[in-house]
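Take a look at the letters that make up each chain.
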Amino acid sequence: MEKIMFIQTGFGVDVHGQDVTKAAVRSVVNAIHTNSMPGITSVLPENDLHNMKVNVRLAVPADKDKLDIEQVKARIPYGTVTVEVIDGGMLTSSAIYLEDKQDKNDLMYIVNASVETGY
């Protein structure tokens, strides 16, 4: 990315089911859905949203091999999206095991996201 214009941060939690993808998608949604970038097209090459570049950095606490990066990318509506996965996030107890929620244990998965937007 030549020029970073915005950095948005968020977090996502999967309380039951230990689904790292669900927590990651929620972290990206949390990062981008409370922002508006009305002037972005004026600085993008050819004033085209499809020329936007977006780098998503995810701090994931466990099960990186189970992370569906395509589901994360699908939450970004425009541009070329890359995803970087690093160690981080948090595992913590939900203090309850619910079999009907597909729990494998009582852990909550918390994923942090940083979404860099530019060109």
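Preceding this section is the structure that the text describes.
Residues numbered from 1 in each chain as written. Predicted model: local features only at pLDDT ≥ 70, side-chain atom pairs only at ≥ 80, totals over all residues. Heavy atoms only, no water.

A. Structural detail: the overall build of the protein. Regarding its fold elements, the protein presents three helices and five strands. Seen through its C-alpha atoms, the protein measures out along the principal axes to roughly 50 × 25 × 20 Å. Expressed as a percentage of its 119 residues, the buried residues of the protein come to 36%. Excluding contacts between residues fewer than 6 apart, the proportion of contacts in the protein whose partners are at least 24 apart in sequence is 75%. Averaging the coordinates of the 11 positive side-chain charges in the protein and doing the same for the 16 negative ones gives two points 2 Å apart. (Helix = DSSP H or I, 4+ residues; strand = E, 2+ residues; numbered from the N terminus. Buried < 20%, exposed > 50% of the residue type's maximum accessible area, 1.4 Å probe, protein only. Contact = heavy atoms within 4.5 Å. Lys, Arg positive; Asp, Glu negative; His and termini not counted. Charge placed at Lys NZ, Arg CZ, Asp CG, Glu CD.)

B. How the structure looks around unusual backbone geometry. Positive phi is not limited to glycine here, since N47 has a value of about 50°. Secondary-structure assignment places N47 in the loop between helix 2 (40-43) and strand 2 (53-60).

Take it as geometry only, folks, not as evidence of what the structure does.
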